[in-house]
Amino acid sequence: MFRLAPDLPPEVVFLLQDFRLAVNAAIRAGLQARVTSRNALCRLAYKAFREEHPRMYAQHLVSSFEVAASALKNHRRRMHRGMSRIPYLRRLMMKTENQAYKLDRENGMIDLPIMAGCHVQLRLVVSQYHRRYLDDRSLSLGSLTILPDRVIIAFRKEAAKAFAPESALSLDTNERSLDGVFAEGNTAMPVKAESPEVATIQQRYHDRRKRLQKKKAHDRRTSRRLCRKEGKREHDRIQYRLHQVANSVLSFADAKKSAIVLEDLRGIRHKKNKDKELNRRLSMWPRRQLHQIIEYKAEWRGIPVIKVDPRDSSRKCPICGRIQDSRMGNEFKCDCGWHLDRHINASLNLLQTATSKGLEVAGGLRFNPGAFQHDVMMILYEPAMAARSEPNGTSCV
Ligand SMILES: [Zn+2]
């Protein structure tokens with residue numbers, strides 16, 4: 001975020017006003033035609049607006065459809081939840097993409113086209129804090145947002161190039177832990193990252209919320225407000241734990257140059273269980289969220305992640321390939337004599353699927369059941385490792 005020196009020149013103020021008109025015109029058109037995509041809005045509103053404002057820079061006009069599209073999408077989402085007002089852009093603002101402006105990173109001057117043949121120079125106030133971003137050439141420029149009193153430039157970091165894996169870390173995602181196997185050359189050993197508090201925190205807040213709703217049954221507004229507040233706190237605490245688990249997994253993978261294998265959770269819905277309580281807990285464990293965190297942080301650090309179809313991974317014997325009819329207890333047992341912790345076994349199957357789908361590890365993986373070290377368990381994360389006091393959810397990235 002930058003301040004400007006001096007204030008916005010009048011040409012830019014006019015541009016912001018035109019931009020606001022364009023956004024609101026596109027929102028109206030989108031509502032009428034029931035479309036929310038930028039391209040559809042472009043087709044609908046471009047020509048008419050062009051006729052009224054023939055000289056506005058075309059890139060800015062397209063950006064205004066982008067802003068309108070996201071306003072319409074938010075509106076639609078809120079409609080589903082039953083609360084919505086017709087969206088309307090009140091404040092003066094404009095947003096534009098990096099092709100539509102130039103920034104001199106040395107002297108902090110923005111060159112902004114207003115219309116054909118008319119450009120305006122904006123001078124940014126550059127502090128030491130801003131210098132760090134301007135001078136870091138691994139950061140490229142993203143969108144530019146102009147507000148009456150300030151300018152926001154988004155910087156993008158190019159993701160690191162993924163390394164060629166020398167080992168594999170395959171993880172089965174469960175309600176209270178990630179259970180898996182670390183395989184390197186011809187050895188493999190079980191690993192675990194435990195995070196039982198996530199489920200516990202959820203349970204606690206669920207109970208508390210229920211109690212609140214009952215107690216404040218006569219005053220739905222207060223009850224809703226309190227629940228929202230509780231929900232925010234719950235969310236922050238769970239996020240903190242998920243980031244901790246993800247960080248420990250990634251540090252390990254980074255140190256061992258491991259590819260991470262995860263199950264593809266898309267499209268998995270739990271069958272309606274008679275045990276409603278268990279079903280709720282299972283579906284609420286934010287496994288997808290954990291995967292998302294692992295994936296984007298891995299991309300950042302250049303750690304390859306492979307997602308595989310988890311079908312039958314909890315029922316298959318990784319040695320003889322037989323598929324067991326039903327789920328068993330905590331241990332997977334096969335007629336061929338193979339037996340192993342159910343979750344670890346699932347992660348072995350995920351690893352096999354990944355290898356058959358083209359995961360290549362330097363030197364290869366020669367998995368031999370005899371070499372499986374049943375007796376050692378490598379702990380990547382456990383609650384005691386969160387020695388720091390419970391945070392307020394901001395320090396977790
Ligand atoms: Zn078997």
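None of the values given here were measured: they were computed from a predicted structure.

Cut-offs applied
Numbering of residues starts from 1 in every chain and runs along the sequence as written. Local features in this predicted model are restricted to residues of pLDDT 70 or higher, and side-chain atom pairs are both shown and tallied only at a pLDDT of 80 or more, whereas totals for entire chains, interfaces and linings draw on every residue. Based on all heavy atoms of the structure, the side-chain values leave hydrogens and waters out of the count. Under the DSSP-based scheme used, a helix requires at least four consecutive residues in state H or I and a strand at least two consecutive residues in state E, with every element numbered from the N terminus. For a helix, the expected span equals 1.5 Å multiplied by the number of residues minus one. Type-normalised accessible area, obtained with a 1.4 Å probe on protein chains alone, sets the label of each residue: buried when under 20%, exposed when over 50%, and partly exposed for intermediate values. DSSP calls a pair of strands paired once it identifies at least 2 bridges connecting them. Metal sites are built from N, O and S donor atoms within 2.8 Å, or 3.2 Å for Na, K and Ca, and they leave out water, so they may look incomplete. A site with four donors is called tetrahedral when every donor-metal-donor angle falls between 85 and 135 degrees; four donors are called square planar, and six octahedral, when opposite donors sit more than 155 degrees apart and all other angles fall between 65 and 115; any other arrangement is irregular. Salt bridge criterion: a side-chain nitrogen from Lys or Arg within 4 Å of a carboxyl oxygen from Asp or Glu.

A. Structural context of helix α8 (residues 287–301). If you check α8, its first and last C-alpha atoms are 21 Å apart, about what 15 residues at 1.5 Å a residue would give, namely 21 Å. Looking one or two residues beyond α8, the residue adopting positive phi is Gly302, at roughly 75°.

B. Structural view of the pairing of strand β8 (residues 167–173). Counting buried positions over the seven residues of β8 gives seven, a clear majority of the element. Where burial is concerned, the two faces of β8 agree: the one with Ser167, Leu169, Leu171 and Thr173 and the one with Ala168, Ser170 and Asp172 are both buried. With five bridges joining them, β8 and strand β11 (residues 258–263) adopt parallel strand pairing. Each bridged residue has a counterpart across the sheet, and for Ser170 the counterpart in β11 is Val261. Pairing of β8 with strand β9 (residues 177–184), which is carried by six bridges, proceeds in the antiparallel orientation. Counted as the bridge partner of Ala168 is Ala183 from β9.

C. Region of interest: the coordination of the zinc ion. Only Cys317 (SG), Cys320 (SG), Cys334 (SG) and Cys336 (SG) from the protein reach the zinc ion as donors, at distances of 2.2 to 2.3 Å. Coordination at the zinc ion is tetrahedral: its four donor atoms span angles of 104 to 116° at the metal. Written as a sequence motif, the donor residues of the zinc ion are C-x2-C-x13-C-x1-C. With Cys320 in the loop between β12 (305–308) and β13 (331–333) and Cys336 in the loop between β13 and β14 (339–341), this residue pair connects regions lying 16 residues apart in the sequence.

D. Summary view of the pattern of salt bridges. Tallying each qualifying case throughout the model produces twelve salt bridges. Between Asp254 and Lys257 there is a salt bridge, with the nearest N and O atoms lying 3.6 Å from each other.

Worth remembering: the numbers are spatial, not functional.
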